[in-house]
Amino acid sequence: MSFMGVREMIRGMIRPVIGTVVILLAGLAMAAAQQQSAVPVKVTRALSMPIYEEVPLTGSVITKRTSRLSPHEAGLILRIHVDRGDAVREGDRLLVLDDELAVIDSERIAAQVKEAEAVLQEAIRLRNNAAELLEDKHIPASDYAAYLAEVDRYAAILERLQHEHARQRRIVSRHVIFAPFDGVITAKFVEQGEWVNPDTALFELAEMQVLRIIVPVPQHFFHRLHIGTEAMVRFDAYSDQVFSTQVERKIPLGSDNARTFPVMIALDNGQGLFAPGMSARVTFRLQSGNNQAVILLPDDAIVRKPDGSGTIWRVDSDAVRARQLQVETGRRYAQKIEIISDELHPGDLVVIRGNERLKDDQAIAIIEEVEFKIN
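Residues numbered from 1 in each chain as written. Predicted model: local features only at pLDDT ≥ 70, side-chain atom pairs only at ≥ 80, totals over all residues. Heavy atoms only, no water.

(A) Quick peek at the layout of surface pockets. If you add up the space inside the second largest pocket, you get close to 200 Å³. Every element with two or more residues in the lining of the second largest pocket is listed here: helix 3 (141–173) and strand 8 (176–178). Broken down by element, the residue count for the lining of the second largest pocket peaks at three residues, all from strand 8. (1 Å grid on protein atoms, 1.4 Å probe; cavity = no way out; pocket = protein on both sides within 12 Å on 5 of 7 lines; lining within 4 Å. Points joined across faces, edges and corners; volume = space filled by probe spheres on them. Helix = DSSP H or I, 4+ residues; strand = E, 2+ residues; numbered from the N terminus.)

Okay, structure coming up:
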């Protein structure tokens, strides 16, 4: 074969290879261009759950238990161990009365008890001797019966004195006032050196571990609230926190003027964050309709059009493209909105950031999946 023939044969072999390389390079260039044009987006998953009607009301924090403490006995105040604002535990000593005379009476009765015990022991000894004499027929049965009666009489005297002594010891102990439960001294009405009687108020003690919020509820909502109904509570002092609690009591006695009924909500104050008198913003969550589950998305998922309609961008299963869906919106709940669409299902990925720049069949690059929860 001539040189020219060999050269043509080599060119024929190279042309297909060059064409394949060109096609591959073109495909890579196109993929790179598409990758560069992918819109970065943030996504979330459609959530399915029942929604509730939210009823916002205002309430006030109150104590669950407040007690005005009084003495059991009259007496002169010797010592006061607490002051207004002090936190106390159940059993802590609060105040001591002068118990000198009560102690003297207790010691006097104790001496009488010892005397009665000795007299009873002697009566028992005489009875036992009489029993031996009766057995030998040295005394009549009537004399023995008299000894038995003496033992019974002295035993009764001893029992009475023992009860009197126990009572007097109790009187002595009641000259010390103890805290009946954990709480805070919110008021003090007496000072050292004063004479007090059983009807004298000494302190006011308020329980603080567990408080309540009392909420006046309009009559058209009252029948829909039940023990255990969920309530979300916010305080101005803790504006960034939401406290979850529930209805503890309903009081079916309304206000004639306002047509409201008091509802009490339990409030755990273990951390000491709250105080009686605080104002609270309470939102009750009431079951709405048949309480069936609906699909919820954040507002950012909705792209509004000039005609008022709305669309969302649902991410395809390959997670590289998003498809536009025409949807209807329904009720709002907890800053989320109900989505009505047969093509959207719970768990579907939906674009919530970057959706305003999307076009049909445009590539996307997911940079974050945001999880939203219903508070």
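(B) Broad picture of the pairing of strand 9 (residues 183–188). Bridge count between strand 6 (residues 87–88) and strand 9: two bridges; the pairing is antiparallel. Its bridge partner lying in strand 9, Val 88 is registered against Gly 183. (Pairing = 2+ DSSP bridges.)

(C) Summary view of the packing of aromatic side chains. Considering all chains together, one arrives at six aromatic pairs under this definition. Ring centres of Phe 243 and Phe 274 lie 5.1 Å apart, and the angle between their planes is 85 degrees; this geometry places the pair in the edge-to-face category. Placement of Phe 243 in strand 14 (residues 238–250) and of Phe 274 in the loop between strand 15 (260–268) and strand 16 (279–287) is noted, with a sequence separation of 31 residues between them. Here the aromatic cluster, defined as three or more aromatic residues joined through ring pairs, consists of Phe 235, Tyr 238, Phe 243 and Phe 274. Positioned over the ring face of Tyr 154 is Arg 153, at 4.6 Å from the centre of the ring. Of note, Lys 250 hangs over the ring of Phe 222, and the distance from its end group to the ring centre comes to 4.4 Å. (Phe/Tyr/Trp six-rings, centres within 6.5 Å; stacked < 30°, edge-to-face > 60°. Lys NZ or Arg CZ within 6 Å of the ring centre and 35° of its normal.)

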